[in-house]
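Here's the letter readout for the chains.
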Amino acid sequence: MSATASSHDSLLELPLRDWRAPEAAALSAQALRALEQGQVLHFPHLGFALSPEERVLLDPKYTDPKRKNISLTPKGLAGTVAAGAARERVQGILQRYLDSTSALLDALFPGYRDARHGPATSLRLHAIGTWHPSWRKDDRLLHVDAFPSRPLHGERILRVFTNINPNGEPRTWRVGEPFETAARRYLPAMSKPWRPWLAGLMHRVGITKQRRTEYDHLMLQMHDAMKRDAHYQQQGDWAQVDFMPGSTWVCFSDQVSHAAMSGQFMLEQTWQLPLTALSYAELAPVRVLEKLKGRGLLAA
Ligand SMILES: [Fe+2]
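Heads up: these notes are all about the structure in this document. All values derive from a computational prediction rather than experimental measurement.

What follows covers the overall build of the chain. Broken down by element type, the chain carries eight helices and 12 strands. For a compact globule of 300 residues, the expected C-alpha radius of gyration is about 19 Å, and the chain comes in at 19 Å, within 12% of that figure. Dimensions of the chain, computed from the C-alpha atoms along their principal axes, are close to 55 × 45 × 40 Å. The buried share of the chain, taken over its 300 residues, is 53%. Residue pairs at least 24 apart in sequence account for 81% of intrachain contacts in the chain once pairs closer than 6 positions are excluded. Put simply, the chain shows about 13,400 Å² of open surface, and 52% of that area lies on carbon and sulfur atoms. Mean positive and mean negative side-chain charge positions of the chain (37 and 30 charges, respectively) differ by 7 Å.

One can describe the packing of helix H4 (residues 179–186) onto helix H6 (residues 214–228) by two numbers: an axis separation of 10 Å at closest approach and a directional angle of 85°. Considering the angle they form, H4 stands roughly perpendicular to H6. Across from Phe179, Ala182, Ala183 and Tyr186 in H4, the residues of H6 making contact are Met219, Met222, Ala225 and Met226. Tallied by class, residues from the contact of H4 with H6 come to eight nonpolar, no polar and no charged.

What follows deals with the sheet that holds strand E11 (residues 258–262). Read from one edge to the other, the open sheet built from three strands follows the order E9-E8-E11, with strand pairing classed as antiparallel. Both outer strands of the open sheet, strand E9 (239–243) and E11, are each paired with one neighbouring strand and no more. With direction set aside, neighbouring strand axes in the sheet form an average angle of 30°. Judged from the five bridges that link them, strand E8 (residues 171–175) and E9 form a sheet pairing that is antiparallel. Within E9, the position partnered with valine 175 by the bridge is alanine 239.

Quick look at the coordination of the iron ion now. For the iron ion, the full set of protein donor atoms is His143 (NE2), Asp145 (OD) and His258 (NE2), and the range of their distances to it is 2.1 to 2.2 Å. Mapped onto the sequence, the residues coordinating the iron ion show the spacing H-x1-D-x112-H. Here aspartate 145 is found in the loop between strand E6 (117–124) and strand E7 (156–163), whereas its partner histidine 258 is found in strand E11, with 113 residues between them in sequence. Pair check on accessibility: aspartate 145 and histidine 258 agree, each one buried.

What follows covers the pattern of salt bridges. A complete count under the given rule lists 17 salt bridges for this structure. Salt-bridge contacts for arginine 124 lead to glutamate 268; the nearest nitrogen and oxygen are separated by 3.0 Å. With arginine 124 in strand E6 and glutamate 268 in strand E12 (residues 266–273), this pair connects stretches of sequence that are 144 residues apart. Residue class for glutamate 268 comes out buried when judged on its relative accessible area of 1%. For aspartate 145, the salt bridge goes to arginine 159, with nearest N and O atoms at 2.7 Å. Taken as a pair, aspartate 145 in the loop between E6 and E7 and arginine 159 in strand E7 lie far apart in primary sequence, 14 residues in all. For aspartate 145, a relative accessible area of 9% translates into the label buried. Through salt bridges with shared partners, a single ionic network connects Arg124, Asp145, Arg159 and Glu268.

About the cut-offs
- Residues numbered from 1 in each chain as written.
- Predicted model: local features only at pLDDT ≥ 70, side-chain atom pairs only at ≥ 80, totals over all residues.
- Heavy atoms only, no water.
- Helix = DSSP H or I, 4+ residues; strand = E, 2+ residues; numbered from the N terminus.
- Rg over C-alpha atoms; globule rule 2.2 N^0.38 Å.
- Buried < 20%, exposed > 50% of the residue type's maximum accessible area, 1.4 Å probe, protein only.
- Contact = heavy atoms within 4.5 Å.
- Areas by Shrake-Rupley, 256 points an atom, 1.4 Å probe, with all protein chains shown as cover.
- Lys, Arg positive; Asp, Glu negative; His and termini not counted.
- Charge placed at Lys NZ, Arg CZ, Asp CG, Glu CD.
- Axes fitted to C-alpha atoms, helices over the stretch in contact; angles between N-to-C directions.
- Parallel < 35°, antiparallel > 145°, perpendicular 65-115°, else oblique.
- Nonpolar A, V, L, I, M, F, W, Y, C, P; charged D, E, K, R; others polar.
- Pairing = 2+ DSSP bridges.
- Donors = N, O, S within 2.8 Å, 3.2 Å for Na, K, Ca; no water.
- Salt bridge = Lys/Arg side-chain N within 4 Å of Asp/Glu carboxyl O.

So, in structure tokens, the structure goes:
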């Protein structure tokens, strides 16, 4: 079994058809290198099956109107107005997706197994473009992920996505240039100084869950600078990709420039991953930004 480079070199296609496929281990080294280098791993034949009773739940009305997603974390289920048996079925879908994606990640990336933490599983029922209260939250604009309230201190955002659209509609993404190229372009725009006292204050009053490091501060600026750059959004170096129903893709969303242009009904699994678990840590966004800045960015 072998993987194939796709027409766009930011994707690596992997032929797995089962979340627990024994062949995954043989693809491990190649998948790990591609993932950490900032490619999107694309599994065109890896879908997530829903029962007829579960398929009934593919309706935006089950999402809490104030929320973008239904989510399952170790704290429990949130973001849904489903009650009774429907609520149990929603939770069942999310738990099964967590189990399935965990099995896949463990086979492909055994070195991440004991390190990944902070799981969040999401069911997105809204069509893209119908839920984005501001440009900053409009994910149809190319960006790298950074969380305003959850500083990561250099840790990675590892995400698995599966298109579960029942009507044959793709989830269309744009995938942009390598992280270092984007970072070099936007560094001049990332000029807002990091103020340790402000980071401390924001943590104390509960705006952020931890203190922001200079790295977190830069990543938020990069996220905003990319989304604000209308020229790059229209004419930059990106490729459009249709992820069809019944397919899965995996990436480090803090590293891969991405935009979700259209589509509806998706499952998504997020993990946080410490730098120490990486095989090519020098490619991590924090190490790239430190190289370009010429200093450490993780001091408290
Ligand atoms: Fe994103």
